[in-house]
Amino acid sequence: MTKHVVVTGANKGIGLNFCKQYSAQGYRVTAVVRTPSEELQALDVKIISDIDVSNADDVATLANYLHGDKIDILVNNAGIFHNETLADMDFAAIEKQISVNSIAPIRITHALQQSLGIDAKVAMITSRMGSIADNGSGGYIGYRMSKAALNAASVSLAHELKDKKIPVGLFHPGFVQTQMVNFAGDISPETAAERLIKRIDELNLSNTGGFWHSNGETLPW
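Residues numbered from 1 in each chain as written. Predicted model: local features only at pLDDT ≥ 70, side-chain atom pairs only at ≥ 80, totals over all residues. Heavy atoms only, no water.

(A) A look at the nonpolar core. Core analysis: the biggest nonpolar cluster contains 27 residues, and F18, Y22, V75, F171 and I200 have the highest contact counts within it. Among the secondary structure elements, those contributing two or more residues to this core are β1 (4–8), α1 (13–24), β2 (28–32), β4 (71–76), β5 (116–125) and α6 (189–202). With 5 residues, α1 is the single largest residue contributor to this core. Ignoring anything within four residues of it in the chain, the contact list for Y22 reads V5, Y27, V29, I73, I197 and I200. With 25 residues, the next largest nonpolar core counts V32, I48, L62 and M124 among its residues. (Core = buried A, V, L, I, M, F, W, Y, C linked by side-chain atoms within 4.5 Å. Buried < 20%, exposed > 50% of the residue type's maximum accessible area, 1.4 Å probe, protein only. Helix = DSSP H or I, 4+ residues; strand = E, 2+ residues; numbered from the N terminus. Contact = heavy atoms within 4.5 Å.)

(B) The arrangement of the pattern of salt bridges in detail. Inspection of the entire model under this criterion finds 5 salt bridges. For R128, the salt bridge is made with D134, and the minimal N-O distance between the two is 3.1 Å. (Salt bridge = Lys/Arg side-chain N within 4 Å of Asp/Glu carboxyl O.)

(C) Just helix α3 (residues 56–65), in detail. When we look at burial in α3, the residues that qualify are D58, V59, L62 and A63. For α3, the angular spread of the buried residues around the axis is 145°, confining them to a single face. Away from its buried face, by an angle of more than 90 degrees, α3 presents the exposed residues D57 and N64. Its side-chain oxygen placed 3.0 Å from the backbone nitrogen of D57, N55 serves as the N-cap of α3. (Arc of directions from axis to C-beta. Polar contact = N/O pair within 3.5 Å; in protein donor to acceptor, adjacent residues only side chain to side chain.)

(D) Geometry of the environment of K165. Along the chain, the position of K165 falls in the loop between α5 (141–162) and β6 (168–172). Judged by relative accessible area, which is 43%, K165 ranks as partly exposed.

Such coordinate-based values are descriptive only and should not be taken to indicate function.
Written out as structure tokens, the structure reads:
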């Protein structure tokens, strides 16, 4: 039976390339977006649009769409990025990042848990900026907080889902040339997605709850 992948934040960047590459590998792909891009619409994937992953009603709608449809890989990829410092603070932006980057992936996983069968996998696309040990520069207060919170919650999910034989992985894409960072990265979204798919392939119950760079390096908490 063809395996089913669900990708959030799929209209551009890494999410779009997840859809392209999983589809090319023969997976059945469901792309979850607010507004689909023309490039996404050109792919042979199912698109569920008008979904804001931080909105409880939208996530309930998504769960209804996917009710009874087994998910083999859930990729929680949607995210937003801002920079706050003591000199340039925006508490509304911090709260929004926590809503989208931290709470939404947990909300999505909770809502879709009945569709996750035995041997399904949950991939959290996080960031090494959520590492406390790795913070050598400061700044980016809301983004760092949101990804650290996502990491903490994801490890809890890894423990809770282990009895159901569902591993959870935490993955840092690398510094990727996406709109999120004004295309200032050092690897392409295509390369990031290719690396991440390999890491997801390697995810299993013995390494569930791990935190990895897309290049395979284990990251510090």
